[in-house]
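Coordinates in review
The lines below spell out each chain.
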Amino acid sequence: MKTLRILTSSAMAAMLCATMVVPADAQLQGGVSKSKSSSGTGIKGYLNTHPKVKGATVGAGVGTAAGALTGLVSGKGVLRGAAIGAGTGAGVGVIRTSKTMKKHPLIKDSATGALTGAGLGWAASKGRGTGKNVAKSAAVGTAVGLGVGLFKKLKD
């Protein structure tokens, strides 16, 4: 029950943040200005000028949530799953923001799927045969990533 409350409060916070986004064409009032420059100050300016760091940070956040949920569902440990998910998500974020991978979209989607599958497989398995389970999950993730990439290509 406590986990359900935590998940519900997290979902409520995410919805609240999503509704507070200011549209690009909104008129700001009261002496507030909205600049288009990416060289702002503080953490926002740093992340705007370093896209790979931003991708890794966002990926780690998403991976932490996915890994914790996987660890919770599989019964292998929420903290363990969150740690594995954070590392996996950071890797996925770096792959998605790579200039080389932007030139090769099918390989980018396949690598993303492989890393995501391996991370989920690792977070869900513990004990004997872990390496084999992670390899199977990575293979399935690669196939799913390649399928997603091919469907994107068909759409174009």
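Here the structure is shown first, and the text comes after it.
Summarised in this report is the structure supplied together with it. Note that the structure is a prediction, hence the values are computed from the model and not measured.

1. Regarding the overall build of the protein chain
For the protein chain, the count of helices and strands is seven helices and zero strands. Its helices and strands in sequence order give the protein chain the pattern α-α-α-α-α-α-α, from N to C terminus. Within the protein chain, the proportion of its 156 residues that are buried is 24%. The contacts in the protein chain between residues at least 6 apart in sequence include a share of 51% that link residues at least 24 apart. When the accessible surface of the protein chain is split by element, carbon and sulfur atoms take 69% of a total near 10700 Å².

2. Section: the pattern of salt bridges
Taken as a whole, this structure holds two salt bridges when the rule is applied. Notably, a salt bridge pairs Asp109 with Arg96, separated by 3.0 Å at the nearest N-O pair. Placement of the pair is Asp109 in helix α6 (residues 105-124) and Arg96 in helix α4 (residues 78-97), with a sequence separation of 13 residues. Judged by relative accessible area, Asp109 falls into the buried class, the value being 7%. The class for Arg96 is partly exposed, based on a relative accessible area of 29%. The partner of Lys152 in a salt bridge is Asp109, with the nearest N and O atoms 3.3 Å apart. Taken together, the positions of Lys152 in helix α7 (residues 130-155) and Asp109 in helix α6 put the pair 43 residues apart, joining distant regions of the chain.

3. Some remarks on a nonpolar patch on the surface
Judged by side-chain polarity, Leu69, Leu72, Val73 and Val78 come together as a nonpolar surface patch covering roughly 350 Å² of accessible area. The biggest single contributor to the nonpolar patch is helix α3 (residues 51-74), with three residues.

4. What to know about the packing of α3 against α4
When two helices pack together, their arrangement is given by the angle between their axes and by how far apart the axes lie. Close contact between α3 and α4 brings their axes to 5 Å; oriented N to C, the two are set at 145 degrees. The hand of the α3/α4 crossing is right-handed. Only Val78, Gly81, Ala82, Gly85, Ala86, Gly89, Ala90, Gly93, Val94 and Thr97 of α4 make contact with α3, whose side of the interface consists of Pro51, Lys52, Gly55, Ala56, Gly59, Ala60, Gly63, Thr64, Gly67, Ala68, Gly71 and Leu72. Split by residue class, the contact of α3 with α4 holds ten nonpolar, eleven polar and one charged.

5. A look at α6
Between the first and last C-alpha of α6 there are 28 Å, a value that for 20 residues agrees with the 28 Å anticipated at 1.5 Å per step. Buried within α6 are the following residues: Lys108, Asp109, Ser110, Thr112, Gly113, Gly117, Ala118, Gly119, Gly121 and Ala123. Contact partners of the buried residues in α6: α3, α4, α5 (99-103) and α7.

6. Some thoughts on the packing of α6 against α7
At a minimum axis separation of 6 Å, α6 and α7 run at an interaxial angle of 150 degrees. With respect to the hand of their crossing, α6 and α7 are arranged in right-handed fashion. Contacts from Leu106, Asp109, Ser110, Gly113, Ala114, Gly117, Ala118, Gly121 and Trp122 of α6 reach α7 at Thr130, Val134, Ser137, Ala138, Gly141, Thr142, Gly145, Leu146, Gly149, Leu150, Lys152 and Lys153. Considering only residue class, the contact of α6 with α7 consists of eight nonpolar, ten polar and three charged.

7. Regarding α7
Given a rise of 1.5 Å per residue, 26 residues ought to cover 38 Å, and the 37 Å separating the end C-alpha atoms of α7 matches this to within 8%. What α7 keeps buried is the set Thr130, Val134, Ala138, Gly141, Gly145 and Gly149. Looking at the buried positions of α7, the neighbouring elements they touch are α6.

Parameters at a glance
- Residues numbered from 1 in each chain as written.
- Predicted model: local features only at pLDDT ≥ 70, side-chain atom pairs only at ≥ 80, totals over all residues.
- Heavy atoms only, no water.
- Helix = DSSP H or I, 4+ residues; strand = E, 2+ residues; numbered from the N terminus.
- Buried < 20%, exposed > 50% of the residue type's maximum accessible area, 1.4 Å probe, protein only.
- Contact = heavy atoms within 4.5 Å.
- Areas by Shrake-Rupley, 256 points an atom, 1.4 Å probe, with all protein chains shown as cover.
- Salt bridge = Lys/Arg side-chain N within 4 Å of Asp/Glu carboxyl O.
- Patch = residues over 30% accessible without salt bridge, like charges linked within 9 Å, V, L, I, M, F, W, Y side chains within 5 Å.
- Axes fitted to C-alpha atoms, helices over the stretch in contact; angles between N-to-C directions.
- Left-handed = near helix turned anticlockwise from the far one by under 90°.
- Nonpolar A, V, L, I, M, F, W, Y, C, P; charged D, E, K, R; others polar.
- Expected span 1.5 Å × (residues − 1).

Keep in mind that these numbers describe shape and distance, not what the molecule does.
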